[in-house]
Amino acid sequence: MSRDNLYSLPRDRVGQFQFDADVADVFPDMISRSVPGYASILSVIEQLAGRFVRPDTNVYDLGCSLGAATLLIRNQAPSSATIHAVDNSSAMIDRLRKRLDQEPGGPDACAVELHLADLCGIDLSDASMIVLNFTLQFVPATKRHRLLQACFDALVPGGGLLLSEKVCFDDPGQQSLLTDLHLDFKRACGYSELEIAQKRTSLENTLIPESIPTHTDRLKDVGFDVVAPWFQCFNFASILAVKSTTAST
Ligand SMILES: C[S@@+](CC[C@H](N)C(=O)[O-])C[C@H]1O[C@@H](n2cnc3c(N)ncnc32)[C@H](O)[C@@H]1O
Ligand SMILES: O=C(O)C(=O)C[C@]1(C(=O)O)C=C[C@@H](O)C=C1
């Protein structure tokens, strides 16, 4: 795995964070040293796939990056399911396509379709599981409600949505403590103060976190019956939302 040292040298001007080829090349290292609990969340996504993915349904991995969640879901999905891996970064989709060519899966592996597209513009239907693993935070706040409504509407009764996000806190004490603990995590993972500062600048106005109650209220508002925050480490959280089995599609 290539080491992320993208922000290790001083830059005259730190531009907006982009999921370009440089980031794609180091992404597994970058995300695992930036998001506490990332590996645990992935392992739970695989577990959830075993429970939620139904035969002859679609699964959407929205903002799939290099397909970490897609490949784990494929381990559990019935062969008649189809996983749609969606990302608007060609660097990410190209690398995932190569990886799938190298690892086509066994004879019972379900189909994986790649979509180089804005996830706000794609049609979603007949879904038994939808994953937004650290993706919604990059979608403009004004588009988030409509996207989650489309996700809810696309789910079959009993279907599940997994939403993981960097979050913020209304209470200033919590905000400051949990941000500091995240920075300590990054330092312990080997990032320098310069790397941390330059990456923070590049993510400003690009990654827009919201509070856990903002996320859970919105998920209930679009129709989810059960909205269960199941993971939090510092300012990173994951929520499972389930559509009622008696809901009409
Ligand atoms: C933090 S990464 C997601 C990590 C990935 N889900 C995983 O589990 O490894 C965010 C991804 O969302 C993609 N993305 C951001 N906004 C998007 C949009 N509007 N449409 C499609 N993809 C988007 C980025 O290109 C990036 O690959
Ligand atoms: O907050 C940070 O420092 C992050 O790097 C977080 C984060 C994320 O949550 O997606 C941001 C961009 C990269 O994709 C990897 C991790």
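Keep in mind that this is a model prediction, so the values were computed, not measured.

Novice: Go over the nonpolar core with me, naming the residues and quoting the values.
Specialist: What tends to happen in soluble globular proteins is that the nonpolar side chains get buried as a cluster. Among the nonpolar cores identified, the biggest contains 55 residues, and Ile 45, Ala 49, Val 59, Ile 73, Met 129, Ile 130 and Val 131 are the most heavily contacted of them. Contacts of Val 131, omitting those with residues within four sequence positions, involve Ile 45, Tyr 60, Asp 61, Leu 62, Ala 69 and Leu 162.

Novice: Give me the site of ligand 1: which residues, what numbers.
Specialist: Near ligand 1 lie 20 residues; those nearest to it are Phe 19, Gly 63, Asn 88, Ser 89 and Asn 133. Of all the secondary-structure elements, those providing two or more residues to the shell around ligand 1 are helix H3 (68-76) and strand S2 (82-87). Split into classes, the residues belonging to the shell around ligand 1 amount to twelve nonpolar, six polar and two charged.

Novice: Kindly report on unusual backbone geometry, identifying the contributing residues and their values.
Specialist: Unlike most non-glycine residues, Asp 56 shows phi in positive territory, near 60°. With respect to the helices and strands, the residue Asp 56 is situated in the loop between helix H2 (38-52) and strand S1 (58-62). Even without a glycine there, the phi angle at Asn 205 is positive, about 65°. Its location among the elements puts Asn 205 in the loop between helix H7 (193-203) and strand S6 (210-211).

Novice: Now, about helix H4 (residues 90-102): what can you tell me, with residues and values included?
Specialist: Taking 1.5 Å of rise per residue, the 13 residues of H4 would be expected to cover 18 Å, and the 18 Å separating its terminal C-alpha atoms lies within 8% of that figure. Buried within H4 we find Met 92, Ile 93 and Leu 96. One side of H4 holds all its buried residues, which, seen down the axis, span an arc of 90°. Seen from the buried face of H4, the exposed residues on the opposite side, beyond 90 degrees, are Lys 98, Asp 101 and Gln 102. Taken together, the buried residues of H4 touch helix H1 (21-34), S2 and strand S3 (111-116).

Novice: Tell me about the site of ligand 2, and please be specific about residues and values.
Specialist: Around ligand 2, the neighbouring residues are Met 30, Ile 31, Ser 34, Val 35, Phe 134, Lys 166, Lys 199, Leu 203 and Leu 207. Of all the secondary-structure elements, those providing two or more residues to the shell around ligand 2 are H1 and H7. Residue contributions to the shell around ligand 2 peak at three residues, all from H1. Of the residues in the shell around ligand 2, the class split is six nonpolar, one polar and two charged.

Novice: Give a description of helix H5 (residues 141-154) that names residues and reports values.
Specialist: Over its 14 residues, H5 runs 21 Å from end to end, which matches the ideal 20 Å to within 8%, given 1.5 Å per residue. Buried within H5 are the following residues: Arg 144, Leu 147, Leu 148, Cys 151, Phe 152 and Ala 154. Seen from one end, H5 has its buried residues packed into an arc of 160°, which puts them on one side. Of the exposed residues in H5, the ones pointing more than 90 degrees away from its buried face are Thr 142, His 145 and Arg 146. Tucked into the core, H5 has its buried residues touching strand S4 (127-133), strand S5 (155-168) and helix H8 (212-222).

Novice: How would you sum up the UniProt feature "domain: Methyltransferase" (unreviewed entry) in the chain? Please name residues and give values.
Specialist: Mapped onto this numbering, the UniProt entry gives "domain: Methyltransferase" (unreviewed entry) at residues 59-159. End-to-end, the C-alpha atoms of residues 59-159 are 10 Å apart, and along that stretch the chain is 36% helix and 28% strand.

Novice: So, the UniProt feature "binding site: S-adenosyl-L-methionine" (unreviewed entry) in the chain: which residues are in play, and what are the values?
Specialist: Cross-referencing UniProt, the feature "binding site: S-adenosyl-L-methionine" (unreviewed entry) maps to Tyr 38, Gly 63, Cys 64, Ser 65, Asp 87, Asn 88, Asp 118, Leu 119, Asn 133 and Arg 200 in the present numbering. Spanning 163 residues, the annotated positions stay apart in the fold, the maximum distance between their C-alpha atoms being 24.6 Å. Topologically, Asp 118 is positioned in the loop between S3 and S4. Position of Arg 200 among the secondary structure elements: in helix H7. Note on Arg 200: 16 C-beta atoms within 10 Å, which makes it partly exposed.

Thresholds, definitions, all that
Residues numbered from 1 in each chain as written. Chains lettered and ligands numbered in written order. Predicted model: local features only at pLDDT ≥ 70, side-chain atom pairs only at ≥ 80, totals over all residues. Core = buried A, V, L, I, M, F, W, Y, C linked by C-beta atoms within 7 Å. Buried ≥ 20, exposed ≤ 12 C-beta atoms within 10 Å, placed from the backbone. Contact = placed C-beta atoms within 7 Å. Near = placed C-beta within 6 Å. Helix = DSSP H or I, 4+ residues; strand = E, 2+ residues; numbered from the N terminus. Nonpolar A, V, L, I, M, F, W, Y, C, P; charged D, E, K, R; others polar. Expected span 1.5 Å × (residues − 1). Arc of directions from axis to C-beta. UniProt positions renumbered as here; feature names shortened; annotations may be inferred.

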